[in-house]
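Spelled out from the first residue to the last, the chains are:
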Amino acid sequence: MSNDPTKPAVQLALSAGIASVLVAGVLVALKLWALAETGALSIAASLADSALDLMMSLGAAAAIVYAARPADEDHAFGHTSAEDLAALAQSAFILVSSAVIGWSAIRRLMADTPHQLASEGRGLVVMVASILITLALVWWQGRVARRTGSKVVAADRLHYLGDLLPSLGAIAALWVSSRYGIASIDAVVALAAAAVMTVGALHIGKDAWGALMDHTADPRIVEGIGRIAADWPGVRGYHDLKTRTAGSRVFVNLHIELDGDQSLREAHDIGAALRRAILAAYPQTDVIIHKDVYGRP
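Residues numbered from 1 in each chain as written. Predicted model: local features only at pLDDT ≥ 70, side-chain atom pairs only at ≥ 80, totals over all residues. Heavy atoms only, no water.

## What to know about the overall build of the protein chain
Selection rule: Per the convention used, a helix needs a DSSP run of H or I reaching at least four residues, while a strand needs a run of E reaching at least two, with both numbered from the N terminus. Three labels apply to residues, based on accessible area from a 1.4 Å probe with only protein chains included: buried if under 20% of the type maximum, exposed if over 50%, partly exposed otherwise in between. Only heavy atoms enter the contact rule, under which two residues are in contact if any of them lie within 4.5 Å. For the area figures, the Shrake-Rupley method with a 1.4 Å probe applies, and any residue is considered shielded solely by the protein chains shown.
Within the protein chain one finds eight helices and three strands. The secondary structure elements of the protein chain, listed N-terminal to C-terminal, are α-α-α-α-α-α-α-β-β-α-β. Out of the 297 residues belonging to the protein chain, those deemed buried represent 41%. Contacts spanning at least 24 positions in sequence make up 72% of the contacts within the protein chain whose residues lie at least 6 apart. Of the accessible surface of the protein chain, which amounts to about 16100 Å², a share of 63% is contributed by carbon and sulfur atoms.

In C-alpha cells form, the structure reads like this:
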C-alpha cells in the first residue's frame, strides 16, 4: 500500500486528462461527419477548435504524468518547460487553422453565387450533442480541479468553456440557414470564430514564449509571497525575491534576513516553516530560500 499522499490527487487529475482526450476524440469524429454532411464553414471552425482540443488534451494528460517525474541530473529544475514548447506548437496550429477558415469564409462571402448548406438538421443534432458532451466534461474537470488543485486541469477546463462559443455559433448558423435560407450567415459566423481563434492563439503563444524566456511570475503571486515573508515570525526582512515560470511551475528564489545570534537550527526551522507556508499558498511553486544575517550587507 502506497504512503504517498499525492498519489490519489495525481490519479484523479489523470482521470480528468483521459476523459478530456476521449471527449475531444468523440467531438472530432462527430464534427467531421457533420462537416461532410452539411459543408458548413461554421462547423469547420468548430471542428478545427475540437482538433486543437484533442492536441491540448493529449498534452495536458502527458503534462500531468510528466510533471510528476522528479528532477534528474540532466534536468535539475524538472521537465515542465516541455509544456511551453507544446503550447508554441499549438498556437501555430491555431493560427494556420484560423487563417484557412477565415480565407474560406471571405471567399464564400465574395462569391457571386451563395454557397448553399445541406442537411442542416443533422448538423444541428451533432452540434447540440457536442455541447452537452462538453458541458459534462467541464463539470467533471471542475470537480477534479477543486479537489486536487491541478492547474493543468483547471486550464484545460477553461479552454473547453471557451470552446462552447464556436459550437453555439455553428448552431445559430445552421438554424438560420434552415429556417430562413440565409446561407451567408454561416460564413459570417466562421469569420468571427476565426478571429476569436487568432486572438486565443496569440495569447497562448505570448505566454509560452514568455515562460521559455524565464518571464517573471504573475505579479499577484510575487506580491503574495512577499507579504508572507514580511509577516513571518523571526524574519527581520527579505530581499532579492526572484521568480521565473516554466510550464505550470513557478520557481522562486528568496533571501530572508535573520538574527545572526540565533542557532543554525533555529534559523533552519524559520526558513523551512516559511517555505512550507509559501508552498501551501501557491502549490505550483518550487521555492529556494537563502538565509542572510540581518543588518549586514
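After that view, the rundown keeps rolling.
## Some words on the environment of Glu223
Along the polypeptide, Glu223 turns up in helix H7 (residues 219-231). Since its relative accessible area comes to 49%, Glu223 is described here as partly exposed. The spacing of Glu223 and Leu241 is 18 residues in sequence and 9.7 Å in space, taken between C-alpha atoms.

## Concerning the nonpolar core
If you look at soluble globular proteins, the nonpolar side chains tend to sit buried side by side. Rules: As used in this record, nonpolar core signifies buried Ala, Val, Leu, Ile, Met, Phe, Trp, Tyr and Cys residues forming a set joined through side-chain atoms within 4.5 Å.
Counting 19 residues, the largest nonpolar core has Ile256, Leu274 and Ile278 as its most contacted members. Going through the elements one at a time, H7, strand E2 (249-258), helix H8 (264-281) and strand E3 (285-293) are the ones with two or more residues in this core.

## What to know about the environment of Gly271
Of note, Gly271 is situated in helix H8. Discounting residues that sit within four places of it in the chain, Gly271 has contacts with Ile256, Ile289 and Lys291.

## Let's talk about the packing of aromatic side chains
For clarity, the cut-off: Here a Phe, Tyr or Trp ring, Trp counted by its six-membered ring, pairs with any other such ring whose centre lies within 6.5 Å, and the pair is stacked when the planes are under 30 degrees apart, edge-to-face when over 60, and tilted otherwise.
For the coordinates displayed, the defined rule picks out one aromatic pair. Ring centres of Trp139 and Trp140 lie 6.5 Å apart, and the angle between their planes is 45 degrees; on these two criteria the pair is classed as tilted. The exposure class assigned to Trp140 is partly exposed, which follows from its relative accessible area of 26%.

## Things to note about the pattern of salt bridges
Basically, it comes down to this: We count a salt bridge whenever a side-chain nitrogen from Lys or Arg sits within 4 Å of a carboxyl oxygen from Asp or Glu.
One pass over the structure, following the stated rule, counts two salt bridges. Between Arg220 and Asp218 there is a salt bridge, with the nearest N and O atoms lying 2.8 Å from each other. Taking the relative accessible area as the measure of exposure, Asp218 reaches 29% and is therefore partly exposed. Ionic pairing is found between Asp259 and Arg236, a salt bridge with its closest N-O pair at 3.6 Å. Taken together, the residues Asp259 in the loop between E2 and H8 and Arg236 in the loop between H7 and strand E1 (237-246) connect sequence positions 23 residues apart.

## A look at the packing of H7 against H8
To be explicit about the condition: All axes are obtained by fitting lines to C-alpha atoms, using only the stretch in contact for helices, and the reported angles, taken between N-to-C directions, cover 0 to 180 degrees. Should the near helix be turned anticlockwise from the far one by less than a right angle, the crossing is left-handed, and should it be turned clockwise, the crossing is right-handed. Only Asp, Glu, Lys and Arg are considered charged, only Ala, Val, Leu, Ile, Met, Phe, Trp, Tyr, Cys and Pro nonpolar, and every remaining residue, Gly among them, polar.
At a minimum axis distance of 10 Å, the contact between H7 and H8 shows a crossing angle of 150 degrees. Crossing angle aside, the handedness with which H7 passes H8 is right-handed. The segment H7 lies against H8, with Ile225, Ile228 and Ala229 engaging Leu274, Ala277, Ile278 and Ala281. Per-class residue counts for the contact of H7 with H8 are seven nonpolar, no polar and no charged.

## Side note on the sheet that holds E1
The pairing of strands in a sheet happens through backbone hydrogen bonds and is either parallel or antiparallel. Threshold: Here, any two strands with at least 2 DSSP bridges between them count as paired.
What the three strands build is an open sheet, ordered E1-E2-E3; its pairing is mixed. Across the chains shown, the open sheet's two edge strands, defined by having one partner strand only, are E1 and E3. Averaged over all pairs of adjacent strands, the angle between their axes in this sheet comes to 15 degrees, without regard to strand direction. Of the strands in this sheet, E1 and E2 touch H7, which is tilted by about 150 degrees from E1. Sheet strands in contact with H8 are E2 and E3, and its direction is about 150 degrees off that of E3.

## Section: H7
Which entries qualify depends on this criterion: Given a helix with a known number of residues, its expected span is that number minus one, times 1.5 Å.
If you check H7, its first and last C-alpha atoms are 18 Å apart, about what 13 residues at 1.5 Å a residue would give, namely 18 Å. Considered for burial, the residues of H7 that qualify are Ile221, Gly224, Ile225, Gly226, Ile228 and Ala229.

## Let's talk about unusual backbone geometry
At Asp240, a residue that is not glycine, the phi angle is positive and equals roughly 50 degrees. Topologically, Asp240 is positioned in strand E1. The exposure class of Asp240 is partly exposed, given its relative accessible area of 42%.

## Things to note about the pairing of E2
Moving residue by residue along a regular strand, the side chains alternate between the two faces of the sheet. Condition: Crossovers are marked right-handed if the path from the first strand over the helix to the second runs clockwise, as seen with the strands pointing away from the viewer.
Burial of E2 is extensive: seven of the ten residues sit out of reach of the surface. For E1 and E2, the ladder comprises eight bridges, and the chain directions are antiparallel. Looking across to E2, one finds that His239 is bridged to His255. With respect to chirality, the unit in which E2 leads through H8 into the neighbouring parallel E3 is right-handed.

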